Amino acid sequence: MTPSDEEFLKSLPVFLHFEDVADPMLYRALPDGWALALADIIDSTGAIETGRYKAVNMAGAGVISGLLNALQRHDLPFIFGGDGAAVAIAPSQIDAARDALAKVQTWVSDDIGLMLRAAIVPLSAIRDEGFDVRVARFQASDDVSYAMFSGGGNHWADEQMKAGRFLVDPAEAGARPDLTGLSCRWNPIEAARGKVVSIIALPGPNTNPLAFREIVSEIVALANEDGRGGHPVPVDGPPLGFIREGLVLEAKSLSAYRDRVAQLRKGAWVLFQTILIAVLYRFKKTVGRFDPVQYKRSVASNTDFRKFDDGLKMTVDVDGDTLKRIKARLEGAAREGICFYGLHEQDTALMTCIVPSPLSKDHMHFVDGGDGGYAKAASHLKAQMQSMI
């Protein structure tokens, strides 16, 4: 990576108040020569309807983990979309990113039984169509910040990928990406206030940036009436425990292809770690520098439950009255042409994680709705947009 690319990453604007997320002045354009590496699950809605929510989220987070590990960078701008992800790639790392995406596709097919489509879209192609990719960072906690994207480029690139352009071919069967740190051990998180709601809102056809920005601020403010932004993860962290599918998926991701012995060993290790953390937390005991109580609390503060990806995306826990007002405001804005939106209600949230090291403070946690989340919200959004054609 060139010094200028390093300087770009170090100098990205960082903002502290999420209600400012739609302010275009906060964002900085990617340098020339960069690209977007992106991927999503084909027919994620169908997989979700068969109950494979955890697998879909694991695949989406695996795109981020596989790319960051392969490129040996955890400071690249990325966005998690539930059933997929996008990562901004510097020119010198595009070939390595292509190789990593190919391996992630094969892993998803071999071990998860889903089909992942992936693409590398040059920034030049995005700009040729009148769009851009602009990036800022939101400081989610003292230890973690997450990238936010504006400019319309991510949305256009995603549409091109789904249309079959810029695609990356899968690697040979058995190829493995480096998924070190990828984890999905947490139990589903029950709604505490009423419903866990996944929301996507994109600019509409008859809008101006200020009108859409005001809608985003209003929705964020409504969700924030509880004082935590509608955060679906309790302050003290999610409930400890594991579900079998998460344990199996993690064990497979850390083992060679079809190596049953390695999978059993990794599964036993993951189970042991989960039980150990539960015991340590129960008795409020630390081991070396690992404090289970502080770790669980930092899981909540480090969670990426709201974001901006050419539009607002958030999975929040809200009561019935707040949900009613959010719906009314989105419906009104849609009628005025200010936005398109999709919304899906469910009783739980799901968490998938990337933990570079158990002792590090920069562990990252991605939240989606537990019954379709962003994928179902995106289906509703697409139907609304098509009805306007």
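Note: the structure precedes this text.
Please read these numbers as outputs of a predicted model, since none were measured by experiment.

Trainee: Got a minute to help me understand empty space enclosed by the protein in this structure?
Mentor: Unfilled space is identified by rolling a water-sized probe across the atoms. One pass over the structure, following the stated rule, counts one cavity of 30 Å³ or more. A volume near 40 Å³ is recorded for the largest cavity. Surrounding the largest cavity, Ile48, Tyr53, Val56, Asn57, Asp368, Gly369, Gly372 and Ala375 form its lining. Take the lining of the largest cavity: its biggest share by element is three residues, from helix H3 (residues 53-71). Taken together, the residues of the lining of the largest cavity break down into four nonpolar, three polar and one charged.

Trainee: What should I look at first to understand the side chain of His231 in this one?
Mentor: Of note, His231 is situated in the loop between helix H7 (209-223) and helix H8 (244-253). By relative accessible area, His231 is classed as buried at 7%. A polar contact of 2.7 Å, which involves the side chain of His231, links it to the backbone oxygen of Ala300.

Trainee: How should the environment of Arg117 be read in this particular structure?
Mentor: Here Arg117 is to be found in strand E6 (residues 116-122). Placed 44 residues apart in sequence, Arg117 and Met161 show a C-alpha to C-alpha distance of 7.8 Å. Once residues within four sequence positions are removed from consideration, Arg117 is found in contact with Leu38, Ala39, Asp40, Ile41, Ile42, Gln105, Met161, Lys162 and Leu167. Of the polar contacts made by the side chain of Arg117, one reaches the side chain of Asp40; its length is 2.8 Å.

Trainee: Help me understand the packing of H7 against helix H11 (residues 320-335), please; the structure alone is not making it clear to me.
Mentor: In helix packing, the relevant descriptors are the interaxial angle and the interaxial distance, both defined with respect to the helix axes. Put simply, H7 and H11 touch, their axes get as near as 9 Å, and they point 170° apart. As the angle between them shows, H7 and H11 are arranged roughly antiparallel. Every residue of H11 that contacts H7 at Ile215, Glu218, Ile219, Leu222 and Ala223 is listed here: Thr322, Arg325, Ile326, Arg329, Leu330 and Ala333. Taken together, the residues that form the contact of H7 with H11 break down as seven nonpolar, one polar and three charged.

Trainee: Mind showing me how you'd approach the sheet that holds strand E13 (residues 306-308) here?
Mentor: Strand pairing in a sheet takes place through backbone hydrogen bonds and is either antiparallel or parallel in direction. Ordered in space as E13-E14-E11-E15, the four strands form an open sheet in which the pairing is antiparallel. Both outer strands of the open sheet, E13 and strand E15 (339-346), are each paired with one neighbouring strand and no more. The sheet shows a mean angle of 15° between the axes of neighbouring strands, direction not considered. Looking at chain direction, strand E11 (residues 195-203) and E15 are connected through eight bridges and run antiparallel. Each residue of the ladder has a partner; that of Val196, found in E15, is Gln346. Against the sheet, H7 touches E11, E13, strand E14 (312-318) and E15, its axis set at about 20° to E14. Relative to E15, helix H12 (residues 373-387) is tilted by about 145°, and along the sheet it contacts E11, E13, E14 and E15.

Basis of the calculations
Residues numbered from 1 in each chain as written. Predicted model: local features only at pLDDT ≥ 70, side-chain atom pairs only at ≥ 80, totals over all residues. Heavy atoms only, no water. 1 Å grid on protein atoms, 1.4 Å probe; cavity = no way out; pocket = protein on both sides within 12 Å on 5 of 7 lines; lining within 4 Å. Points joined across faces, edges and corners; volume = space filled by probe spheres on them. Helix = DSSP H or I, 4+ residues; strand = E, 2+ residues; numbered from the N terminus. Nonpolar A, V, L, I, M, F, W, Y, C, P; charged D, E, K, R; others polar. Buried < 20%, exposed > 50% of the residue type's maximum accessible area, 1.4 Å probe, protein only. Polar contact = N/O pair within 3.5 Å; in protein donor to acceptor, adjacent residues only side chain to side chain. Contact = heavy atoms within 4.5 Å. Axes fitted to C-alpha atoms, helices over the stretch in contact; angles between N-to-C directions. Parallel < 35°, antiparallel > 145°, perpendicular 65-115°, else oblique. Pairing = 2+ DSSP bridges.

Keep in mind these values describe shape, not function.
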